[in-house]
Every structure is written in structure tokens, then in C-alpha cells.
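A look at the structure
Each chain, written out:
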There are 4 protein chains.
Amino acid sequence: MIKALVTGFEPWGREKYNPTEDVAKVLNGKTVYGVKIYGYVLPVSFRKVMSLVPKLIDEVRPQIVVHTGLAPGASSIRIERVAVNLMDAKVKDNDGFKPRDETINPEGPAAYFSTLPTRKIFERMRKSKIPSVLSYTAGTFVCNCTFYTSLDYISRNGLNTIAGFIHVPCVPQQVVGKPETPSMDLKLILRAVKTAIGVSKQYLKRY
Amino acid sequence: MIKALVTGFEPWGREKYNPTEDVAKVLNGKTVYGVKIYGYVLPVSFRKVMSLVPKLIDEVRPQIVVHTGLAPGASSIRIERVAVNLMDAKVKDNDGFKPRDETINPEGPAAYFSTLPTRKIFERMRKSKIPSVLSYTAGTFVCNCTFYTSLDYISRNGLNTIAGFIHVPCVPQQVVGKPETPSMDLKLILRAVKTAIGVSKQYLKRY
Amino acid sequence: MIKALVTGFEPWGREKYNPTEDVAKVLNGKTVYGVKIYGYVLPVSFRKVMSLVPKLIDEVRPQIVVHTGLAPGASSIRIERVAVNLMDAKVKDNDGFKPRDETINPEGPAAYFSTLPTRKIFERMRKSKIPSVLSYTAGTFVCNCTFYTSLDYISRNGLNTIAGFIHVPCVPQQVVGKPETPSMDLKLILRAVKTAIGVSKQYLKRY
Amino acid sequence: MIKALVTGFEPWGREKYNPTEDVAKVLNGKTVYGVKIYGYVLPVSFRKVMSLVPKLIDEVRPQIVVHTGLAPGASSIRIERVAVNLMDAKVKDNDGFKPRDETINPEGPAAYFSTLPTRKIFERMRKSKIPSVLSYTAGTFVCNCTFYTSLDYISRNGLNTIAGFIHVPCVPQQVVGKPETPSMDLKLILRAVKTAIGVSKQYLKRY
């Protein structure tokens, strides 16, 4: 059976809730479009994700990896296409680490493209009436670090795994008191992540 | 039994869907917090709402009037507080009318404040985790005209009816292909309108 | 000679600079389009502007009053059209006063329209390539209070003075470190205020 | 004498003006911080920039390359850090070409980092009170293609040239009628580009 590793994050900074924590927890153990999901909640720590993500890939041995993270201010699902070899934090991570212009892997390339079928995922989401966009920056914080680490590990080890990152908006209860901040229902976010997994599986099949 | 007139609008301009049409249709005939709802879909026409709204108030004889309209670009429920005596359209209404700096009622005051308990509605929405904001402009298009006409008619006729306007965001399926436009689930929009009705009823009771 | 009272505000809250302070100071004593300018910097205090603005109008006896204030986040000059009879502050004013849903004048109407020729000012700004917009809410803080107080005083005393409010964006040096906040050069802001005065004078002439 | 190639773009699509055309024209022939500027206006054409940019570098033999382009909607100067090996256009370029998910150089890496001292430029701009931000995506249109082509050509030919890209906001006269679109004075934009050249020269000196 095809396996997908789906990660989310714990809350960070001032935010007390991270909907991607629920994404990982809710999908964990579920079978989606014939794909068995292994959900995992990552700490918001540069150093920890750099060691944890390779371990998780080794343990789960998934064909598909979908990392998810919160993008406060986003209106739509952001299907990330580019992971850059850079850590640059404006605020401390949950371990108090605040890198400035550091590389993730000094021997790695400047960037990796997502190996998920991002265009196909985008088109399926459009057909399914899920607001989404192809994005070319996942930032330079722990989200991007997770994304880059995953692709770098898979590439260096010649694994037959495809991996990518999806940023999601806040959920409505998070933006109460912030009337200019957009939100999206957790149900719709879950539908988006499931769609990404389903399309990724189809893509695997064709090869 | 307490009666509430709840209006929504048909689609206008390039938009093919208006969630407030569904608000009026879904709530029509329902009883919400002990209030009987009379739902009605208004045309997006300055002239028609000016004649229709007074007729509806006369027919239904509601204690509460909640007009709803679509605010493309809004992230939150906008509880309108001020209706101004002005029609100024950047695009034609559905009757092809495009007024420029005209008064709604040449003998009316510059503005009316909403007579719904807007602060209480806002506070209840916050407690209920519904993203909302108190707004001080309902624009100068048909939404504001409906809002002003309603308050002006009630005031001139000394009716014992409270009235107000609620602007709602687009729903997700409307913003597919517009990744920067926020949206809100119809379920949450409906919950917001019901909350406004429930709080309005409580307010009536206290007097 | 025609006289114009032009007010700006001192800085408030966390902001250390308010470009409208410079607007009032730079224009003070100047003659613009044949109009003698009396510039005055107002405190960001509900109570003080309510007593000061009538005094200034009595002293200067201007034919034209142009109040200016800072609208952080605005991209364009905002020509305000509506002053509402409401004080509602999310933060304290510089006197520590934070009103919640209070009227400015319990005996005043819900709102006044600006008596400046706002449409003409807007059109002239467009021709002069000054980014501007007609706005229907000046908020519910000290800016709106100044605007309402001015129109209310003029109206109650039957003065032959026209008055209005113009909100301006931040200047570039204010938004360093806030990359998403728009700005506008002080020179262009000054050109906008002068344009408002020039058009207002023409309007006076025609009557 | 140190030479800098500074490029801007001609207008594209519906826009009738591109401030970066003026950036290239105004700076052409000038000496800025001891750097001789060679200004050049590029066509908004994927294919033409791919052949023109290498030719310009060969002809001018600059130590510094600063490409500039317009980012409608930007509030600040965007100092681009990442050029990606991707062409994906939502609208046709001025040659009618509208690539979908094509690589710029099928043999090139996924991305290059800017070789300008972007952090130092950002810090100097902050000190000089120029609103700016480090940006991690230059999009996937002709701007990014120019940026990637330049870095790819320099890298493949082992040139001793540093190169980068700066996105600039619209100028005020462009946003008249678009009140929500931010702008920046051409003077300030020119000051920003000169600052980038000055800091780049200092950086060269240290090696």
C-alpha cells in the first residue's frame, strides 16, 4: 500500500493554535484515496526538524511526503514550488534559535523544486473549488527548512519519494479580533491536503 | 411571535453568485432563537429596493430587520453601523442605473445609525469565535441604499422596528482563481446572521 | 483675502512622527492659490479638539477649513465625505481617554457631509496625477471627532465656512521596517492639500 | 573604473509606463559613488532577454549588474535574493509568448542566489530611510528570467561579476484611479538603485 507522511507543526510564537497540528493528527492513521497516512506533528525548531525529518522518512518509508505549515495572512492554500537553502528568522523559533542568513546544508544546492505534481494539484483544487495558488517562496523560517531538508535528504539518498510543502491560512477562530486577516475552515484545509495526496498518488501511478 | 425580515441580494455585475441570496433562502421560514424568519432576495437595483423595502416592512411587520449583502474582499463579517444618504455607483446596478452623488431621500438626514444592538452583536460574535468587525461605511451602492431606505422608512413612520445591515465575505468557491481574495464558509456566514438575530431579540426583550 | 484654516496633528501612540504636523507647519503663513493659510497643529485628544476647533474657527474666521490627519495603511489621499457623531477608540488618545460608543454631541445629528467640494477636489487631484479616493469613513477616533466638531460648530452657528477632512498616507521614512505599509512623499501630500484649498476657493467664488 | 550595467524594462501589458525604463535612462552615462553606469532598457520578452542579457554583459564587461523591474502592488523596494529556473506566465509577454512551467536553462540548477550583497544593501537602505525588504521570489515572468539568465551566464563563464535584481513599486502617477495600489516617488526609487550600486562597489573593494 502506498504510504504518505503528512507533517504539521505545533503552535509557535504568540499563536496558541496551529491548524496544521490538527491536519497531521486528524489524518494520522486514515486511508485517503487508497493512501495510508502517517501523520506527525513537528516542533517549530530549525535544528530539530533537520534531524527529525530524515528520521521520519527512514522510519515511515513513504512514497509521498506532504509537509504542511501555517501562513498567517494567506487567503488561499499555497502550494509551494521552491525550497531555498537559507535560514533567516525575524523571530526566534521555539528553541530560541534565530539564524541570520545561514545555509541549511552548506554543501546543498541553492534550491530544490517540489517533486510533488504541483501543477496537477493546483488544477485539481481549482476543479474542486478549493481556493489555491502556486507559490514560489515558502519563506526562510522553519517551514522552508523542513521543505528543503526533506528534498535534500531524498535527493542525496536517491530515494523514490516525492515531497512538497503546502501552506494553509488561519482558521476562523484564530482571526477573531484581527478583522483584516483572512481564514479558511479546517474542513476545507483538510480537503485540500487530501486532494494533494490523491493527485500525488495518481502521479506516482503513471510512472 | 417575534418576526425578522432577512434580506439578501441576487448576484450583480460579473459575479454569478451571491451568498446572501442563499442566506435569505436558507433562513426563510426557519425559526431562529425563537424568531420567525421571513427571507427575501432583493434585486441589485437602487430604484427597486427603494420601493420594495418599505413594502416588505409593511407586509411582514417585523420587529427586526437584518439586511445582508456581499462585500468582496472582506475577511470578516462586517456589522454596519452607519447608512448614508448618498448614492454613488462606480458600476451600473442590474437595471443599468449608475447614480453619481445623488441623495436617496432629498428630505432625509445625512445618515442614520443602525438601530440593531451592533456592539452586543459584535461581542457575541467574538465570544462565538466568528470573525467580525464593526464597520462605519456600507459603501454608496445598493447595499447602503437598502440600509438607508429601511431606517428612513422606519423612522418616518415611527415604527417599533430595529434594522441594520451585515456585509459578508465571498464564499470559498467564489474566490477560486483569485488567490488574494479572502473567503468564509456559508455555514459560518449563516451562523453569524443567526447570531445577529438572536442578540437582536434579546435586546428587544429588555425594552 | 480668503483665509483657510489648515490643521494637522501631533504624533500619537507609538508613532513618533505625524506628517500632518508638517503639513500645518509648512503651510502656515503661506499664500496658496490666493488663499492665506493659517496652519495649526492639534493635540490627539478628543476633549481638547472639541474645545480648540471652535476657538480656532472663531479666531481665524476662515472661509475654508481643511483638517488633515494620518491614515496609516492608506496608499492614497483620502478625501473624507462623512463625519459621524461617534467616538469609539481602540487605543487611548494622548490624554489617556478611550471612549466607547459615545456621541460627540448628544444633540447633534448622526452625521454631517463634508461641505468642501469633495467631488471637484477628487477630480482635480486625478487630473493632477495625485493618487486619491473619496472616502466614506474617517474612523471614530480623534480625526473624525475633529471633523464632526468643526461641521457641527459651523452648522449650529450658521457660519459661511466650508469644512472638510483629508487623510494622508505615511511618509516613506515612517514605513522603513514595515515593508507592506504604503507611503507617499511629503511633497506630494503638500501638493494634495494645496489642491484641495485651490479647488475649495474656486467653489467659493462660484457662489 | 568600476562599471555597472543597470537594466530596466519597457512597459508591458496594459501598463503604459514603466518607471524602470526611466531608471535605466536617467542613470545611463552617470557616475554614481565612483561607478560608471551603463543603462539599458530591456524588452519584456522572455526570448529576447535570454539572448540580450549575455550580449550586454559581454559588451559592457561590468563588475556589477543591477537589473530592475516593476512590481505592481509593492509598497517597498524589493531586493530579490533568489532567481528560479522557471518560466510561467499568466499573461503574454510583449512578443506574445506565454510559457507554462518551462525551464529557462534545461541544464541549469533550480535556482541561483543573488550575488549582490543583498543584506548589506538592505541595511544601508534602512539607514538611509528607504522602505525596502529582502524578497525571496522575483516571480516567474520576464523579470525572474532576466535575473536567472544573468546569474547563469556569469556562473557558466566564470566571470568576476556580481549580479542581482531589484523590484520597485509603481510611481504615484501610475496609480491614479487605483486607490489601493501603493506607490513610490521616482526620486526615491533612483536613490534606492544608487544605494544598491554604492554598497555593491564597497563589497567589491573588500575582495
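For the structure, check the block above.
This text gives an overview of the structure that appears in the document. (Residues numbered from 1 in each chain as written. Chains lettered and ligands numbered in written order. Predicted model: local features only at pLDDT ≥ 70, side-chain atom pairs only at ≥ 80, totals over all residues. Heavy atoms only, no water.)

Looking now at the sheet that holds strand E3 (residues 35-42) of chain D. All names here are of chain D. Taking strand neighbours across the sheet as the criterion, the seven strands line up as E2-E3-E1-E4-E9-E5-E8 in an open arrangement whose pairing is mixed. The open sheet terminates on both sides in strands that have one partner only, identified here as strand E2 (31-32) and strand E8 (132-135). Bridge analysis of strand E1 (residues 2-9) against E3 gives eight bridges, and the strand direction is parallel. Bridge pairing in E3 links Val6 to Gly39. Sheet contacts for helix H2 (residues 46-60): E1, E3 and strand E4 (64-70); angle to E3, the most-contacted strand, approximately 160°. Packing against the sheet, helix H4 (residues 142-156) makes contact with E1, E3, E4, strand E5 (77-80) and strand E9 (162-168), and its axis sits at approximately 170° to E9. (Pairing = 2+ DSSP bridges. Helix = DSSP H or I, 4+ residues; strand = E, 2+ residues; numbered from the N terminus. Contact = heavy atoms within 4.5 Å. Axes fitted to C-alpha atoms, helices over the stretch in contact; angles between N-to-C directions.)

Counting residues at the interface gives 17 residues for chain D and 17 residues for chain A. Taken over both partners, the interface formed by chain D and chain A buries close to 1500 Å², and the fraction arising from carbon and sulfur atoms is 60%. Counting across the chain D and chain A interface gives eight salt bridges. We note a salt bridge from D:Asp88 to A:Arg119, for which the minimum N-O separation is 2.8 Å. Scanning the region where chain D abuts chain A turns up six residue pairs in polar contact (both at pLDDT 80 or more). Sorting the residues of the side of chain D that touches chain A by element identifies strand E6 (82-84), strand E7 (111-113) and helix H3 (118-127) of chain D as the ones contributing at least two each. (Buried area = accessible area lost by both parts, 1.4 Å probe. Salt bridge = Lys/Arg side-chain N within 4 Å of Asp/Glu carboxyl O. Polar contact = N/O pair within 3.5 Å; in protein donor to acceptor, adjacent residues only side chain to side chain.)

The next thing to look at is helix H2 (residues 46-60) of chain B. Residue and element names in this part refer to chain B. End to end, H2 covers 21 Å across 15 residues, agreeing with the expected 21 Å (1.5 Å per residue, within 8%). Along H2, the positions that sit buried rather than exposed are Phe46, Val49, Leu52, Val53, Pro54, Leu56, Ile57 and Val60. Along its buried surface, H2 packs onto strand E1 (2-9), strand E3 (35-42), strand E4 (64-70) and helix H4 (142-156). Just past H2, the residue Arg61 takes up positive phi, approximately 50°. (Expected span 1.5 Å × (residues − 1). Buried < 20%, exposed > 50% of the residue type's maximum accessible area, 1.4 Å probe, protein only.)

What follows deals with the pairing of strand E8 (residues 132-135) of chain B. Residues and elements named next belong to chain B. Neither face of E8 is exposed, since Ser132 and Leu134 on one face and Val133 and Ser135 on the opposite face are all buried. By the bridge criterion, four bridges tie strand E5 (residues 77-80) to E8 in an arrangement that is parallel. Each residue of the ladder has a partner; that of Ile79, found in E8, is Leu134.

By themselves, these are just geometric observations and shouldn't be taken as functional.
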